[in-house]
Amino acid sequence: MLSICTGQGFESFYPVRKEETNMKQSIFTIKENVALTSNVYRMLLEGDTSAVTNCGQFVNIKLDGLFLRRPISVCDCEDGILTLIYKVVGKGTELMSSMGAGEKLDVLTGLGNGYDTSLSGNSPLLLGGGVGVPPMYMLCKKLIAEGKQVSVILGFNTKDEIFYEDEFRALGAKVTVTTVDGSYGVKGFVTDVMKESDYSYFYTCGPEPMLKAVYRTSVTEGQFSFEERMGCGFGACMGCSCKTITGYKRICKEGPVMKKEEILWES
Amino acid sequence: MGKLSVDLCGLELDNPVIPASGTFGFGYEFAELYDINMLGTFSFKGTTKEARFGNPTPRIAETPNGMINAVGLQNPGVERVISEELPKLAKCFDKKVMANVSGFSVEEYVYTCEKLDKCPQVGWIEVNISCPNVHGGGMAFGTTPEGAAEVTRAVKAVTTKPIIIKLSPNVTDIVAIAKACEAAGADGISLINTLLGMRIDIRTRKPVIANKMGGFSGSAIFPVAVRMVYQVSHAVSIPVVGMGGVSSAEDVIEMLMAGAVAVEVGAANLVDPYACKNIIEDLPRVMEKYRIESLRDLKIQ
């Protein structure tokens, strides 16, 4: 995760505040909840999506019997339907995976800053690893709608874990899939393909080791989406604070997307 | 005087509901969602003499019916709270706010309280004595009657506003500590701060929180809070603010019946940003249901 142990010259240890918020709390109805792989699911939610104003944002879901909400990145949002893709990693996502069409969920929407597509140039590169792939979808869609030539690298451990390859192709992106074990696509990591690619800018989301590798491999500016354990998800508790070059930030509020030049890695 | 109003150390509150420190920032995140002037008041983010960036992450863990946090008093320091946060707060909150102060030496408490006491926006100063005393071998001030009294006396000597001492529940005899604060001149007592807790991820065999231990809060701790509020409020004659796991209008009534004059709501704000608004709006219904005319002197039978 981002560093909080180095850093000098900080004038304030309180966040560089994001002033506006579009957060909304409302009840969504599950339209569909299907398995894409053995432990990755796609949930379609119908409801008031007006607070979702950018790709790269997340929602925070209240689940019966669990105290804290569960933050999940937004994969897509169109016509009042919110698409979430999540991996079963604990009690919360396990509970989500057991839910079916017609069931209701209390969701906070419009959380986080999202990706800035204005900096992409004409040929942006998108790199998603595992469940870091979903937020790349809505971003890809937006960039293509803006007339950009988008290349996407999707990284997985093995063939059985792959999802959404065809969906990205259908958007019109140039898609390369990598698998660590070589069971499908290019054998290796997303950065192995990144090294051979020409791109004007990059956007990435995935596990921390991947983000660090992308940071080191990249030859342009870019944006990273981070993950952290959160208390509230809307900036009240300071549970997910991190230090950046430009000051203290809350992953949930001033993030989860950070620009490359802001990032301070933990040594 | 409204039906929901109560008195806290001589200042009237429109209702007894107070978002607790550390769960409400300096108010803005919530002011964007609803008019926070409907609150009784709120206790702002724990403020120290110097800026603090707090503990490493992860700082949060979940528990059955609650959570553990080890944020570590992240705050910009008292100077910036006064020069930046309070002026911004003035734009969305017309009422007196409760200043929450922490310190790691008696001198720090004195410094911070003296500064905040001069701010017209501040109505009360809530002094968190759960912090370790760097000059006292790291033992928290609030764990001994002597330590608690020492901070109380020192802070009282430099302030004019009501001083409310916020007690830690992680002690052998909370009543003795409350009495020591009263004898040292405290105007009120608030309790309980979080219980010390810990979770371990059995997959990674590591503590969930980077700091290993943290403050346990949420509805799971409500019965402990009610018990301690009851014990303390029946042992001192100064007002007691009850908190710990309050998440509904019924919980507020129960806390008042335990002997509190007002109630703080903490972790519930993090799960539902509208928690305090909903509780305040639900209070009249619950009062009617239980034929309660006033929230003042709502003692158990």
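Keep in mind the model is a prediction, meaning the values are calculated, not measured.

1. Topic: the overall build of chain A
Then step 1. Helix and strand counts for chain A come out as five helices and 15 strands.
Then step 2. The C-alpha radius of gyration computed for chain A amounts to 18 Å, which stays within 12% of the reference 18 Å derived for 267 residues, consistent with globular compactness.
Then step 3. Among the 267 residues that make up chain A, the fraction classed as buried is 51%.
Then step 4. Sequence-distant contacts, at least 24 apart, represent 65% of the contacts inside chain A between residues at least 6 apart.

2. A word on the interface of chain A and chain B
Then step 1. Each side of the interface is counted separately: chain A has 30 residues, and chain B has 33 residues.
Then step 2. Here the side of chain A that touches chain B takes three residues from strand β13 (residues 241-244) of chain A, the largest share from any one element.
Then step 3. A per-class count over the side of chain A that touches chain B returns 18 nonpolar, seven polar and five charged.

3. A word on the domain arrangement of chain A
Residues and elements named next belong to chain A.
Then step 1. Partitioning chain A into domains gives domain 1 (24-111) and domain 2 (117-262).
Then step 2. Of note, the centres of domain 1 and domain 2, computed from C-alpha atoms alone, are 20 Å apart.
Then step 3. Contributing elements (two or more residues each) for the side of domain 1 that touches domain 2: β3 (58-62), β4 (70-78), β5 (81-87) and β6 (104-111).
Then step 4. Element by element, the count of residues in the side of domain 1 that touches domain 2 is highest for β4, at six residues.
Then step 5. Of the residues belonging to the side of domain 1 that touches domain 2, the class tally is 13 nonpolar, five polar and three charged.

Thresholds applied
- Residues numbered from 1 in each chain as written.
- Chains lettered and ligands numbered in written order.
- Predicted model: local features only at pLDDT ≥ 70, side-chain atom pairs only at ≥ 80, totals over all residues.
- Helix = DSSP H or I, 4+ residues; strand = E, 2+ residues; numbered from the N terminus.
- Rg over C-alpha atoms; globule rule 2.2 N^0.38 Å.
- Buried ≥ 20, exposed ≤ 12 C-beta atoms within 10 Å, placed from the backbone.
- Contact = placed C-beta atoms within 7 Å.
- Nonpolar A, V, L, I, M, F, W, Y, C, P; charged D, E, K, R; others polar.
- Domains from an automatic or database assignment.

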